[in-house]
Number of protein chains: 4
Amino acid sequence: MLIVMQPNVSEENIKKVIDYIKQRGFDAHISKGEDHTVIGAVGRKVIDKRDIELLDGVKEVIRISSPYKLVSRVFQKEDTVIDVKGVKFGGGHIGMIAGPCTVETYDQMDATAAKLSKYGVKMLRGGAFKPRTSPYAFQGLGEEGLKILKEVADKYNMAVTSEVMEVSQIPMFLKYVDILQVGARNMQNFNLLKSLGEIRKPVLLKRGLSATIEEWLMSAEYIMAGGNRQVILCERGIRTFEHITRNTLDISAIPVVQKISHLPIIVDPSHATGLRDKIAPMSKAAVAAGADGLIIEVHNSPDTAVCDGAQSLYPEQFGELYEELKALASVIKKSF
Amino acid sequence: MLIVMQPNVSEENIKKVIDYIKQRGFDAHISKGEDHTVIGAVGRKVIDKRDIELLDGVKEVIRISSPYKLVSRVFQKEDTVIDVKGVKFGGGHIGMIAGPCTVETYDQMDATAAKLSKYGVKMLRGGAFKPRTSPYAFQGLGEEGLKILKEVADKYNMAVTSEVMEVSQIPMFLKYVDILQVGARNMQNFNLLKSLGEIRKPVLLKRGLSATIEEWLMSAEYIMAGGNRQVILCERGIRTFEHITRNTLDISAIPVVQKISHLPIIVDPSHATGLRDKIAPMSKAAVAAGADGLIIEVHNSPDTAVCDGAQSLYPEQFGELYEELKALASVIKKSF
Amino acid sequence: MLIVMQPNVSEENIKKVIDYIKQRGFDAHISKGEDHTVIGAVGRKVIDKRDIELLDGVKEVIRISSPYKLVSRVFQKEDTVIDVKGVKFGGGHIGMIAGPCTVETYDQMDATAAKLSKYGVKMLRGGAFKPRTSPYAFQGLGEEGLKILKEVADKYNMAVTSEVMEVSQIPMFLKYVDILQVGARNMQNFNLLKSLGEIRKPVLLKRGLSATIEEWLMSAEYIMAGGNRQVILCERGIRTFEHITRNTLDISAIPVVQKISHLPIIVDPSHATGLRDKIAPMSKAAVAAGADGLIIEVHNSPDTAVCDGAQSLYPEQFGELYEELKALASVIKKSF
Amino acid sequence: MLIVMQPNVSEENIKKVIDYIKQRGFDAHISKGEDHTVIGAVGRKVIDKRDIELLDGVKEVIRISSPYKLVSRVFQKEDTVIDVKGVKFGGGHIGMIAGPCTVETYDQMDATAAKLSKYGVKMLRGGAFKPRTSPYAFQGLGEEGLKILKEVADKYNMAVTSEVMEVSQIPMFLKYVDILQVGARNMQNFNLLKSLGEIRKPVLLKRGLSATIEEWLMSAEYIMAGGNRQVILCERGIRTFEHITRNTLDISAIPVVQKISHLPIIVDPSHATGLRDKIAPMSKAAVAAGADGLIIEVHNSPDTAVCDGAQSLYPEQFGELYEELKALASVIKKSF
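Residues numbered from 1 in each chain as written. Chains lettered and ligands numbered in written order. Predicted model: local features only at pLDDT ≥ 70, side-chain atom pairs only at ≥ 80, totals over all residues. Heavy atoms only, no water.

Side note on the overall build of chain A
- Check the secondary structure of chain A and you find 11 helices and 14 strands.
- By principal-axis analysis of the C-alpha atoms, chain A measures approximately 75 × 45 × 40 Å.
- Burial status across chain A gives 63% buried among its 336 residues.
- A fraction of 67% describes how many contacts in chain A between residues 6 or more apart in sequence connect residues 24 or more apart.
- Averaged over its 43 positive side-chain charges, chain A has a centre that lies 3 Å from the centre of its 41 negative ones. (Helix = DSSP H or I, 4+ residues; strand = E, 2+ residues; numbered from the N terminus. Buried < 20%, exposed > 50% of the residue type's maximum accessible area, 1.4 Å probe, protein only. Contact = heavy atoms within 4.5 Å. Lys, Arg positive; Asp, Glu negative; His and termini not counted. Charge placed at Lys NZ, Arg CZ, Asp CG, Glu CD.)

Given below as structure tokens:
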């Protein structure tokens, strides 16, 4: 921690700051510049930097240790590669996940999975518990939805992911799914994160609508701190002043995260933009920028979908897009 | 719902839209303007407006029904007044809640409550379960903290509020607290909201960091839809590009919410700004703008506080501020 | 400037950084902590910190000198008080400016000024050159508008402010107005700022829609660097994700700016909220938070106003509000 | 314009609204739904929708005409293709512009242009007048810079673009440059836009830091309304709460703009991210998403650059990137 003193600060104030941090178990290193005296506080204790900023003569306190450890490239240099039944995320591998917003019926899932499987998709998505902003909206089929999801996936030899909303649902999810999703609105549901740290299945952690990249990585740290090393990060758009698109997909988060962390980062273009005709360009952008995977909404019949039909691709659209994405990936020396 | 067609749209496309909405149980009213044909879809069914926006010739679809019902002034004209052991929020009454960020020890709480009580405060706050962005930070005393909180409050004849983080904690909270707080990061933890709808104690619902006012009211709607009519809204700052203050306190949310909803809205200046010297001006601003209450962090010894000491007032500072706030309130014909 | 090195950085990389900054005229002070070595770069040269961040082994570079000088409280401790024909801004004085969005006709201005004058207002506002987002919207009366503004103001012994949009308009403005306004969209029109630095009349500098407080102060620094010391800052709302109000009025900017700078800061509640019924609560909030002035849109007949009628107060509404504001000001020991 | 009335509105209030709009030259079409009566106001007059929102019984007023005309695909279906000395933007052509932040010396420009020319670049960028946030920073070489830029470009048979900051500079720019740039901070400098509408050379219009896509298109409309049909839009990052990158590059603006408007849209990855190692991934993302061009900062010696060296590519990096971009473009059936 670095404590920058005001210009022309008195020796007395400097001494008081030094006494303050020494009492709290830090060593002090002093360095005088032309305008500013800087005090380095050296130690491993935890202290709220604002407490020091309130002392007389202090201009600014700067934290220099990164708050995250296990998620950092300093902790692990090589990419974490997460392999779920042969679908790989990270280390040059791009994982593809596709499926409808919501599990509606066995037939709907079967029809969708049949087509996706034909196009080479090996991981199926589908919501059973839905976080809806209105209490009056359809809230999902619940466990019945998870059962259908798994049954259909087994038929086509696919893996499965679905969103878990509550600590008490985790044991149920472990029976049916291969990857547990945490939705954007639960990114800082710390009780849920802690419980997910105790399981040994991969967790797909979506970025909160207004979460900084640092906060997002700290939420991954919560899971890893519990002993679960299999975290996939998922960028799905942040909230900005622009309202033509539902959210602003932060494509630059891909290279930023990949530099700081060893965890794979994938992109959800469907929820970010909210409109079908923007999914293809944003999927291509994500792959070109180096994403480690994509999660795309596809429905066998978007026009009759119970929810999010407007942002779901028709299976044929998806098939064409997937071919283009493979061609783009090969240009940047990656592969699905 | 209003469907605005593109200029120069064909009759065939208009017909297709009308057929589409009729199949889904709506009546259609057509109105032709100089540039645009507008189709009014009349009915009570739920439909995703984006599905219609994807039809040929459609320019824009506009929802005109408000998504909230129970929270709205259309549903209830008069202010909801929430009265907790004599502390009132709403209807011209400004409720004051004060206390430390976290319950640390019995002595800390006792010392703080003794002073607050002397200044006339009748509701105590204090965290027992803390939502911390880092898994390595102090997470609160848990149930022990709630016990201390209640014991001290009883001694000074005060009411009590504390933050609940998880569905499974609700029965425990009901034993100790008078108002259950929902933190900003849990504003869209819908399982928690639903469970809080089933209790019959007041809920203090903080606005999420990037929640629109509409989303915030929808979260209140979740609680009310379950039958719990006692919801207090709490503005605590939104996330913007400005980083000198921790968040940007949206004071204009006060008159905006008061026009749309009958629920009381209070302000938390401590978390919004994150610095002690900004709390007094922002508290005054909130009262002058018509807030129905304040929740302020006060600690008997901020310099040694376990957390958030930097944004906690000294008891004496609080005492002076409270006097000023009472004087401001009387100017606008309200009272604490 | 402080250069924080990565943990476990090599001695060679440390040496390279030191060589790099020495070549550019800085002294280096080294300080080793438990995790991080920190190099203090001492000197007065200008260097882009990102250049150093790109060197091997560097974690982060932190600028510790403030970029502003003349606007800072370090440069001048006492409040700058700007006195325009007896209307004072700063140092405990709250200045009031009122008038219509746009100068429309002599009669409109005369009717409005007559009432404002009766209520004790001594400074009149009114746009003659209007920055409109659409090229097809009314662009203002131009010089004719300025003439009317001054003629009416002289009749009621009032001072005058109006918005200047272009360097070439400055000489014309100097003939008619007492304070030259710079609009939010021109806050970083640096050529305009430089030219306004050369005049010797007060400048009212609005904050840009997405300007940080630091950028805003730097724009004031441009004016002061040219020798014009009379700058009034005006907060008028920033752009956020919330769309119920046109912008989000950043009331906390008032105490933040007052701590950093000696310049007066006033508030424009009319443009921030965009709706008449939000102006009174936000004006009161601004005064309670310590604003040094207000600029409020008032029109003798808002229903027939050429522009912004919806955010203009009726004269009688203004009269009542002004009385309330005076009462609030006296509570916090300030006066209009 | 559609006027949505409150539920249970009185007939009298409906009548008042109808009278109000008729007096202002509109026809009224009434349509009654289950909850809401909607009044369509038909006509070509301009009216501030907030004036109507203030009438009794009005819930909301919705504008349905697009504010832009000439920039819209309704006005012109085919892509505008801008061809500057053989460099094409739009209609399947991706234009490449490269060069340093600032023109420093003849030798610097010559060395940079020599390399860029070798890699196949045909349009050179370089600032001569620099919009700097600090009055104390280097402000550019002025006209001397433009001369050098043109002299070097002529030597290598390249076209030239540079930023114009002020109306009075336009005649000078017309002598030296092929495309006049408008910087993000001047996107709503309406006097500048109007003057650029009167020339007959292409204008490259950057998006403002907090400009909505609609506002950006309205600024293009200003230029086109003056008769200049050659406008290139340039996305360069918007301001959000995320601070690891300087701005958040809004890649989704590419398909959004291309649907609404016929104008070409290019991307500036250098200013958006502010760091060299993020330029390659974001350039690839832009091309994959369908951008009509790129403007990239390249400097013959970034380590000694006067400004923005940290976000400038080394010529060799650029050369490699350009090859990759061409390969990506061919996948999506476009070409440089």
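Still more to cover.
As for the nonpolar core
- Within the largest apolar cluster, 317 residues are counted, with the highest numbers of intra-cluster contacts made by Ile-251 of chain A, Ile-251 of chain B, Ile-251 and Phe-318 of chain C together with Ile-251 of chain D.
- Ignoring anything within four residues of it in the chain, the contact list for Ile-251 of chain C reads Ile-251, Met-282 and Ala-285 of chain B together with Met-282, Ala-285, Ala-286 and Ala-289 of chain C. (Core = buried A, V, L, I, M, F, W, Y, C linked by side-chain atoms within 4.5 Å.)

Some thoughts on the relation of the copies chain A and chain C
- Rotating chain A by 180° about the axis while translating it 0.0 Å along that axis superimposes it on chain C, leaving an RMSD of 0.1 Å. A rotation of that kind, with that shift, is consistent with a two-fold axis. Minimal C-alpha separation from the rotation axis in chain A is found for Phe-241 of chain A, amounting to 2.2 Å.
- With an isologous cut-off of 70% or more, the 100% of interface residues of chain A that recur at the interface of chain C puts this contact in the isologous class. (Least-squares fit on C-alpha atoms with pLDDT ≥ 70 in both.)

Things to note about the pattern of salt bridges
- Overall, the coordinates contain 80 salt bridges over all chains when judged by the stated rule.
- For the salt bridge of Lys-326 of chain D with Glu-323 of chain D, the shortest nitrogen-to-oxygen distance reads 3.5 Å. With Lys-326 of chain D and Glu-323 of chain D both in helix H11 (residues 315–331), this residue pair falls three residues apart, about one helical turn.
- Counted as one network, the salt bridges with shared partners bring together Arg-207, Glu-235 and Asp-250 of chain A together with Glu-242 of chain D. (Salt bridge = Lys/Arg side-chain N within 4 Å of Asp/Glu carboxyl O.)

A word on the relation of the copies chain D and chain C
- Rotating chain D by 180° and moving it 0.1 Å along the rotation axis overlays it on chain C with an RMSD of 0.1 Å.
- The share of interface residues of chain D whose copies in chain C are also at the interface is 100%, consistent with both copies meeting through the same surface.

Topic: the packing of aromatic side chains
- A complete count under the given rule lists 20 aromatic pairs over all chains for this structure.
- Centroid distance Phe-190 of chain A to Tyr-222 of chain A: 4.8 Å. Interplanar angle 25°. Geometry classified as stacked. Within this pair, whereas Phe-190 of chain A is found in helix H6 (residues 190–197), its partner Tyr-222 of chain A is found in helix H7 (residues 213–225), the two being separated by 32 residues in sequence. Across the pair, exposure class does not vary: Phe-190 of chain A and Tyr-222 of chain A are buried alike.
- Where Tyr-322 of chain B meets Phe-336 of chain B, the ring centres are 5.2 Å apart and the plane angle is 90°; that geometry is what we call edge-to-face. Highlighted residues: Tyr-322 of chain B in helix H11 (residues 315–331) and Phe-336 of chain B in the segment after H11, separated in sequence by 14 residues.
- Assessed through its relative accessible area of 5%, Tyr-322 of chain B is described here as buried.
- A connected cluster of aromatic rings, assembled from ring pairs, spans Tyr-119, Phe-318, Tyr-322 and Phe-336 of chain A. (Phe/Tyr/Trp six-rings, centres within 6.5 Å; stacked < 30°, edge-to-face > 60°.)

Looking at the side chain of Ser-162 of chain B
Residues and elements named next belong to chain B.
- As for its position among the elements, Ser-162 is in strand E9 (residues 159–163).
- Among the polar contacts listed, one links the side chain of Ser-162 to the backbone oxygen of Gly-126, at a separation of 2.7 Å.
- Setting aside chain neighbours within four positions, we find Ser-162 in contact with Gly-126, Gly-127, Ala-128, Leu-146, Leu-149, Phe-173, Val-177, Ile-179, Leu-180 and Gln-181. (Polar contact = N/O pair within 3.5 Å; in protein donor to acceptor, adjacent residues only side chain to side chain.)

Considerations on the sheet that holds strand E3 (residues 37–42) of chain D
Residues and elements named next belong to chain D.
- Here four strands make up an open sheet; going across it, the order is E2-E3-E1-E4 and the pairing antiparallel. At either margin of the open sheet sits one strand with a lone partner, and together these are strand E2 (27–32) and strand E4 (58–62). Geometrically, the sheet is characterised by an average inter-axis angle of 20° between neighbouring strands, direction not taken into account.
- Running over the sheet, helix H1 (residues 11–23) touches strand E1 (2–5), E2, E3 and E4 and is turned about 150° from E2. (Pairing = 2+ DSSP bridges. Axes fitted to C-alpha atoms, helices over the stretch in contact; angles between N-to-C directions.)

So, the sheet that holds strand E2 (residues 27–32) of chain B
Residues and elements named next belong to chain B.
- The four strands are arranged E2-E3-E1-E4 in an open sheet whose pairing can be described as antiparallel. A single partner strand is all that each edge strand has here, and the edge strands are E2 and strand E4 (58–62). With direction set aside, neighbouring strand axes in the sheet form an average angle of 20°.
- Pairing of strand E1 (residues 2–5) with strand E3 (residues 37–42), which is carried by three bridges, proceeds in the antiparallel orientation. Across the sheet, Val-4 pairs through a bridge with Val-38, a residue of E3.

Thoughts on helix H4 (residues 143–155) of chain C
All names here are of chain C.
- In this model H4 runs 19 Å from its N-terminal to its C-terminal C-alpha over 13 residues, within 8% of the 18 Å that 1.5 Å per residue would give.
- Every buried residue belonging to H4 is among Gly-145, Leu-146, Ile-148, Leu-149, Val-152 and Ala-153, and all of these are buried. Buried residues in H4, looked at end-on, bunch into an arc of 160°, giving them a common side.
- Those residues of H4 that are buried lie in contact with helix H3 (106–118), strand E8 (123–125), strand E9 (159–163) and helix H5 (170–176). (Expected span 1.5 Å × (residues − 1). Arc of directions from axis to C-beta.)

Brief notes about the interface of chain A and chain C
- Taken together, the contacts link 26 residues of chain A with 26 residues of chain C.
- Surface buried jointly by chain A and chain C totals about 2100 Å² across both partners, of which 58% is contributed by carbon and sulfur atoms.
- At the junction of chain A with chain C, the criterion picks out three residue pairs in polar contact (both at pLDDT 80 or more).
- Broken down by secondary-structure element, the contributors of at least two residues to the side of chain A that touches chain C are strand E1 (2–5), strand E2 (27–32), strand E3 (37–42) and strand E4 (58–62) of chain A.
- Classifying every residue of the side of chain A that touches chain C by side-chain character gives nine nonpolar, nine polar and eight charged. (Buried area = accessible area lost by both parts, 1.4 Å probe. Nonpolar A, V, L, I, M, F, W, Y, C, P; charged D, E, K, R; others polar.)

Focus: the side chain of Glu-297 of chain A
- Tracing the chain through its elements places Glu-297 of chain A in strand E14 (residues 293–297).
- A residue is classified by how much of its surface remains accessible, and Glu-297 of chain A, at 0% relative accessible area, is buried.

Remarks on the interface of chain D and chain C
- Listed per partner, the contact involves 46 residues of chain D and 48 residues of chain C.
- Roughly 3800 Å² is buried in total at the junction of chain D and chain C, and carbon and sulfur atoms are behind 49% of that figure.
- Applying the counting rule to chain D against chain C returns two salt bridges.
- Here Glu-215 of chain C ties to Arg-239 of chain D by a salt bridge, and the two come within 2.6 Å at their closest N and O atoms.
- Connecting chain D to chain C are 17 residue pairs in polar contact (both at pLDDT 80 or more).
- Taken together, the elements giving at least two residues each to the side of chain D that touches chain C come down to helix H2 (49–53), helix H6 (190–197) and helix H7 (213–225) of chain D.
- At five residues, the largest contribution of residues to the side of chain D that touches chain C is made by H7 of chain D.
- Taken together, the residues that form the side of chain D that touches chain C break down as 17 nonpolar, 13 polar and 16 charged.

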